[in-house]
Amino acid sequence: LSLNSRVNLVLYIDFIKLFILSQPRKEIIMEKKWLYKVENDKISVLLSLIVTVIFAAVTAVLHGFIITLVFTIVMAALTLCSAYRFIFIKLLIGEDSFCHCKSPWDKKEYKYTDISEVWESTGKSVNGASQNYLNYRTPSGEVKKFYFSPCQYDEISFLIEKIDKDYDLSQNKKGLL
């Protein structure tokens, strides 16, 4: 590897260590203690990072061969997408509310009593893999969707039970049920 390639590789690895593999930052949102945090797994970020580093090394050895350079750029973009999902997209579950975070600027907290309907659904992705989604209807009637992995089913079940129970209790108090 040339000196320039090694420096770039070291800078890239330092970036990954600093922003992706560091301990999760404290949630600033509403400074609340959350019972559960449902987020994407670190493994997807790590795997795409490993493949990106391999492609970068092969590109450096081949002195910027066009095909490997294209693959390296594509893998770097996929790694950034995985890192974005891991860092920003999450569902924070509390005692009386939950927060759906879609980006650093789009975080919405809902009280369980405000959600009239919640359900889970499954579907197939482009590659044929099964996808699990939590769906809920906001107070404005809009249906929102959140992807979760099968290992997070307990947290999602807790949220569904909590929403169903709290919504039914609030409707009974209002005399609507």
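J.: Please clarify how the sheet that holds strand 5 (residues 117-124) should be interpreted in this entry.
T.: Backbone hydrogen bonds hold the strands of a sheet together, and the pairing may be parallel or antiparallel. Strands sit in the order 5-6-7 across an open sheet of 3 strands; the sheet is antiparallel. Single-partner strands in this sheet number two, and they are strand 5 and strand 7 (143-148). Each strand axis lies, on average, 30° off the axis of its neighbour in the sheet, ignoring direction. Direction of pairing for strand 5 relative to strand 6 (residues 130-137): antiparallel, over a ladder of 8 bridges. Looking across to strand 6, one finds that Glu 120 is bridged to Leu 134.

J.: I tried to follow the side chain of Thr 52 on my own but got confused; where do I start?
T.: Tracing the sequence through the fold places Thr 52 in helix 2 (residues 42-61). We classify Thr 52 as buried; its relative accessible area is 3%. Engagement of the side chain of Thr 52 in a polar contact is seen with the side chain of Thr 79, the distance being 2.8 Å.

J.: Help me out: how do you make sense of the sheet that holds strand 3 (residues 97-101) in this one?
T.: Strand order in the open sheet formed by 4 strands is 1-2-3-4, and the pairing between neighbours is antiparallel. The sheet terminates laterally at strand 1 (36-39) and strand 4 (107-111), the two strands that pair on one side only. Each strand of the sheet is rotated relative to its neighbour by a mean of 15°, with strand direction disregarded. For strand 1 and strand 2 (residues 90-93), the ladder comprises 4 bridges, and the chain directions are antiparallel. In the sheet register, Lys 37 faces strand 2, and the bridge partner there is Leu 92.

J.: Is there a simple way to explain the pattern of salt bridges in this structure?
T.: Where charged atoms from two side chains of opposite charge come close, those side chains can pair. The full count for this structure, using the stated rule, is 4 salt bridges. Of the charged contacts in the structure, one is a salt bridge between Glu 95 and Lys 162, with a shortest N-O distance of 3.5 Å. Here Lys 162 lies in helix 4 (residues 153-174) and Glu 95 lies in the loop between strand 2 and strand 3, a separation of 67 residues in the sequence. Overall, the relative accessible area of 49% leaves Glu 95 in the partly exposed class. The shortest N-O distance in the salt bridge between Lys 144 and Glu 142 comes to 3.5 Å. Since its relative accessible area comes to 15%, Lys 144 is described here as buried. Judged by relative accessible area, which is 43%, Glu 142 ranks as partly exposed.

Rules behind the numbers
Counting starts from 1 at the beginning of each chain's written sequence and moves along it residue by residue. Where totals are concerned, whole chains, interfaces and linings use all residues; where local detail is concerned, this predicted model gives features only for residues with pLDDT of at least 70, and gives and counts side-chain atom pairs only at 80 or more. Side-chain descriptors were evaluated using all non-hydrogen atoms of the structure, hydrogens and water having been removed beforehand. Paired strands are those between which DSSP finds at least two bridges. In DSSP terms, a helix is any run of H or I states spanning at least four residues, a strand is any run of E spanning at least two, and both are numbered starting from the N terminus. Between N-to-C directions, angles cover 0 to 180 degrees, with each direction set by a line fitted to C-alpha atoms, over the stretch in contact for helices. Burial classes: relative accessible area under 20% of the type maximum marks a residue as buried, over 50% as exposed, and values in between as partly exposed (1.4 Å probe, protein chains only). Side-chain atoms alone can form a polar contact between residues adjacent in sequence; in general such a contact is a pair of N or O atoms within 3.5 Å, and within protein one must be able to donate a hydrogen while the other accepts it. Between Lys or Arg on one side and Asp or Glu on the other, a salt bridge is scored when a side-chain nitrogen of the former is within 4 Å of a carboxyl oxygen of the latter.

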